[in-house]
Structures are given as structure tokens and as C-alpha cells.
Amino acid sequence: MIKRITLAFTVAALMAGCSSGVKLDDVPVEDKNATSTMGANGGANAGNTGQSGVAGVDLGQSARDAAGPVGVARIVYFDYDSYVIKPEFQSLIEAHSRFVKAGANRKVMIEGHTDDRGGREYNLALGQKRAEAVRRSLGLLGVPENQMEAVSFGKEKPAVQGSSDDARAQNRRAELSYR
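Residues numbered from 1 in each chain as written. Predicted model: local features only at pLDDT ≥ 70, side-chain atom pairs only at ≥ 80, totals over all residues. Heavy atoms only, no water.

Trainee: Before we move on, can you summarise the overall build of the chain with the specific residues and values?
Mentor: Secondary structure summary: the chain contains 5 helices and 4 strands in total. Secondary structure elements of the chain, listed N to C terminal, follow the sequence α-α-β-α-β-α-β-α-β. Expressed as a percentage of its 179 residues, the buried residues of the chain come to 30%. Taking the contacts inside the chain whose residues are at least 6 apart along the sequence as the reference set, 67% of them involve residues at least 24 apart. (Helix = DSSP H or I, 4+ residues; strand = E, 2+ residues; numbered from the N terminus. Buried < 20%, exposed > 50% of the residue type's maximum accessible area, 1.4 Å probe, protein only. Contact = heavy atoms within 4.5 Å.)

Following this line, the structure appears as C-alpha cells:
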């Protein structure tokens, strides 16, 4: 009998603790004086400003890709199990260094990646070495340290799915993006 009463109180306490004070059927607060935040595509804050008057921010890849040297690739490819930058990518690194140095507020993010072979920790370390190799090259060309950041994603963000030689070659890379 005591076990049933204890169980009933426990269930009641759990249900009370899980209940929410938010009434789901209530209409949210609406500011009749605010301008519409619906853009052409119908999404909230799709226009230039939201209800607060603050300009919207594009968090997608397109905003980062808009910056950077025009007509210059953003990817440095590496050989298997290597973080040595091939000579064919030197002009790419030089163009990015000129672009970053031309604006004191520009910041380049260098992301190191690997193919699917090897363990997680090993690939994170190799991806970091690849990103650091590009960062060091940019530094040697005069890019200030405070304008660069090198991170590794290892094998976690492949550019191409698959385990063919071609897919793996496309995944062994360092990508440059701007913030």
C-alpha cells in the first residue's frame, strides 16, 4: 500500500515538473507599429531589418564566399598523409595573402581536412598540420597572425562522399574562407 502511494506521488511530481507554464494556444505578442519582417520569400527577417530595426545577418556560406580575391581558388590540395604544400598552390596562397593584407579588418579562416582513412585523432592532427602549413605560408608572405585562424575538421566534413581515389584526393585539402 505504501509503495503504491509513493509511486503515485512520484508520478504526480514528475508530471508536475514536466508541465510547462506556456499556453500553446495563446496568440504571440504582435507589434502593430512595426514594419513587416516578411521578405519576398516569406521568411521571418528576410528583409533588410527585423522588428528591432537591426539589420539581418546572412549566416550561410554565401556571405563568407562573397569576400576574398576574385577569381582565385580557395582550396589547397595535399598528397596522401602529407601536409607539404605543392608548388602549384603557391600563386593561390600569394593572392590570398595580398587580399588579407589589403584590409586590416579582414580575417581568413583556414580549415584543414583529410580523407576517410585513419583514426579520428590522427586525422584531426593531420588536418591541423595542413591548416597550419597554409597559415605559416601566409605569415611568411606578411599576413599578420591576428588576421588568421587555423582549425582542423579531420575527416568529419568531406567535400565528396566515397572512398575512391578521386574522392579521397578531393577531401585532402585546406579551405580558405573569410569572416
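Trainee: Please provide a residue-by-residue account of the confidence of the model for the chain, values included.
Mentor: In this model, the chain carries a mean pLDDT of 79, and residues with pLDDT of at least 70 account for 66%. Confidence drops under a pLDDT of 50 for residues 34-50, and excluding neighbours within four residues, the segment shows 21 contacts in the predicted structure. (pLDDT = per-residue confidence, 0-100.)

Trainee: Report on helix α4 (residues 120-140), specifying residues and quantitative values.
Mentor: Its 21 residues place the ends of α4 30 Å apart at the C-alpha level, agreeing with the 30 Å of an ideal helix rising 1.5 Å per residue. Taken residue by residue, α4 has Asn-123, Leu-126, Gly-127, Arg-130, Ala-131, Glu-132, Ala-133, Val-134, Arg-135, Ser-137 and Leu-138 as its buried positions. Where α4 is buried, its residues contact β1 (75-77), α3 (90-101), β2 (108-113), β3 (148-154) and β4 (173-178). Just beyond α4, the residue with positive phi is Gly-142, at close to 100 degrees. (Expected span 1.5 Å × (residues − 1).)

Trainee: For the environment of Asp-165, give the residues involved together with the corresponding values.
Mentor: As for its position among the elements, Asp-165 is in helix α5 (residues 165-171). Given the relative accessible area of 64%, Asp-165 is considered exposed. As a C-alpha pair, Asp-165 and Asp-115 span 50 residues in sequence and 9.7 Å in three-dimensional space.

Trainee: Give a detailed account of the packing of aromatic side chains, specifying residues and quantitative values.
Mentor: According to the stated counting rule, one finds 2 aromatic pairs in the structure shown. Between Tyr-77 and Phe-89 the ring centres are 6.2 Å apart and the planes differ by 55 degrees, which places this aromatic pair in the tilted class. With Tyr-77 in strand β1 and Phe-89 in the loop between β1 and α3, this pair connects stretches of sequence that are 12 residues apart. Residue class for Tyr-77 comes out partly exposed when judged on its relative accessible area of 28%. The class for Phe-89 is buried, based on a relative accessible area of 12%. Here the aromatic rings of Phe-99 and Tyr-178 are separated by 5.0 Å at their centres, their planes lie at 80 degrees, and the arrangement is edge-to-face. Placement of Phe-99 in helix α3 and of Tyr-178 in strand β4 is noted, with a sequence separation of 79 residues between them. Assigned by exposure class, Phe-99 and Tyr-178 land together as buried. Here the basic side chain of Arg-106 rests over the ring of Phe-99, its NZ or CZ set 3.9 Å away from the ring centre. Directly above the aromatic system of Phe-153 lies the positively charged group of Lys-157, at a separation of 4.4 Å from the ring centroid. (Phe/Tyr/Trp six-rings, centres within 6.5 Å; stacked < 30°, edge-to-face > 60°. Lys NZ or Arg CZ within 6 Å of the ring centre and 35° of its normal.)

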